[in-house]
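Fold and geometry: a report
Each chain is listed here by its residues.
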Amino acid sequence: MTSRATPVTRNDASPEQLALWDELVGSRGGAMNLIGPDGALVGPFNHMVASPNLGKRMGDLGQGVRFEAVIDRRLQELAIITVGAHWRSNFEFWAHGRMAIDHGIDRSVVDALAEGGEPTFERDDEAEVYGFASQLVTTGRVDEDRYEAVRRRVGEQALVDLITTIGYYSLISLTLNAHQIPLPEGVEPIWPA
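Keep in mind that this is a model prediction, so the values were computed, not measured.

1. Comments concerning the overall build of the protein
Helix and strand counts for the protein stand at nine helices and zero strands. For the protein, the N- to C-terminal ordering of α and β elements is α-α-α-α-α-α-α-α-α. The long-range share in the protein, meaning contacts at least 24 apart out of those at least 6 apart in sequence, stands at 64%. In the structure as shown, the protein presents an accessible area of about 10,000 Å², 51% of it carried by carbon and sulfur atoms. Taken as two groups, the 17 positive and 28 negative side-chain charges of the protein have centres that lie 2 Å from each other.

Next up, the structure:
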């Protein structure tokens, strides 16, 4: 599958696009794995560079969500893969499924989400955060009992960070899906495009 998005390469970038390109790559430690074989940024980053004014705001929010949120990273990654599975976003799920495992989410949970099943959790906090994220992306709301359970579990600020994470990664998942951003070579998609 080829991306629908027009690739923006460093040679073709406007000064505004180039500034954002450098900021995005720099904020990730100069990671060269952000640049695909076509010379454009991979994942959602080409999309951000294509519209640098909004792209900068998306990048800043993403930076805040990933590196400044107070919610436990294990729970945050669980929420992200719950969102990715809901939207059937292959790239998002591929990128964050590995991170979820690295941060302590059991592989069986990642596999269950990939298969469209209901994960079984050994930890109560994971079950609560999964239920919260799943209900929010499925219905657009969270019932009172679930809301209060997660607020008691993680605290007010982490709850706000969780909701922001779910919203941000819904935006990213939909962006990836709309552009049909391909997975890296050799990685098979879970869901059809």
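2. Structural notes on the packing of aromatic side chains
Tallied over the entire structure, the rule returns five aromatic pairs. Seen from their ring centres, Phe-91 and Trp-94 are 5.4 Å apart, and the 65° between their planes marks the pair as edge-to-face. Of this pair, Phe-91 and Trp-94 both sit in helix α5 (residues 90-102), three residues apart, roughly one helical turn. Looking at Phe-91, the relative accessible area reads 11%, which means it is buried. Just above the ring of Trp-94 sits the side chain of Arg-98; from NZ or CZ to the centre is 4.2 Å.

3. Let's talk about the pattern of salt bridges
In the structure shown here, the tally under the stated rule is 12 salt bridges. The partner of Arg-146 in a salt bridge is Asp-143, with the nearest N and O atoms 4.0 Å apart. Accessibility expressed as a relative area gives 34% for Asp-143, which makes it partly exposed. Two residues, Arg-151 and Glu-148, come together in a salt bridge whose shortest N-O distance is 2.4 Å. Of this pair, Arg-151 and Glu-148 both sit in helix α8 (residues 144-154), three residues apart, which is roughly one turn of that helix. Counted as one network, the salt bridges with shared partners bring together Asp-72, Arg-74, Arg-123, Asp-125 and Glu-126.

4. A word on α8
Residue pairs spaced three or four apart in an α-helix point in one direction, given the helix's 3.6 residues per turn. The N-cap of α8, judged by a side-chain oxygen 3.3 Å from the amide nitrogen of Asp-145 a few residues on, is Asp-143. Positive backbone phi, at 95°, marks Gly-155, one or two positions downstream of α8.

5. Observations regarding the packing of helix α4 (residues 73-86) against α5
The N-to-C vectors of α4 and α5 enclose an angle of 155°; their axes lie 9 Å apart at closest approach. Our classification of the angle between α4 and α5 gives roughly antiparallel. Handedness of the crossing formed by α4 with α5: left-handed. For the pair formed by α4 and α5, the contact residues are Arg-73, Glu-77, Ile-80, Ile-81, Gly-84 and Ala-85 on the first element and Glu-92, Phe-93, His-96, Gly-97, Met-99 and Ala-100 on the second. For the contact of α4 with α5, the per-class residue count stands at six nonpolar, three polar and three charged.

The rules we used
- Residues numbered from 1 in each chain as written.
- Predicted model: local features only at pLDDT ≥ 70, side-chain atom pairs only at ≥ 80, totals over all residues.
- Heavy atoms only, no water.
- Helix = DSSP H or I, 4+ residues; strand = E, 2+ residues; numbered from the N terminus.
- Contact = heavy atoms within 4.5 Å.
- Areas by Shrake-Rupley, 256 points an atom, 1.4 Å probe, with all protein chains shown as cover.
- Lys, Arg positive; Asp, Glu negative; His and termini not counted.
- Charge placed at Lys NZ, Arg CZ, Asp CG, Glu CD.
- Phe/Tyr/Trp six-rings, centres within 6.5 Å; stacked < 30°, edge-to-face > 60°.
- Buried < 20%, exposed > 50% of the residue type's maximum accessible area, 1.4 Å probe, protein only.
- Lys NZ or Arg CZ within 6 Å of the ring centre and 35° of its normal.
- Salt bridge = Lys/Arg side-chain N within 4 Å of Asp/Glu carboxyl O.
- Polar contact = N/O pair within 3.5 Å; in protein donor to acceptor, adjacent residues only side chain to side chain.
- Axes fitted to C-alpha atoms, helices over the stretch in contact; angles between N-to-C directions.
- Parallel < 35°, antiparallel > 145°, perpendicular 65-115°, else oblique.
- Left-handed = near helix turned anticlockwise from the far one by under 90°.
- Nonpolar A, V, L, I, M, F, W, Y, C, P; charged D, E, K, R; others polar.

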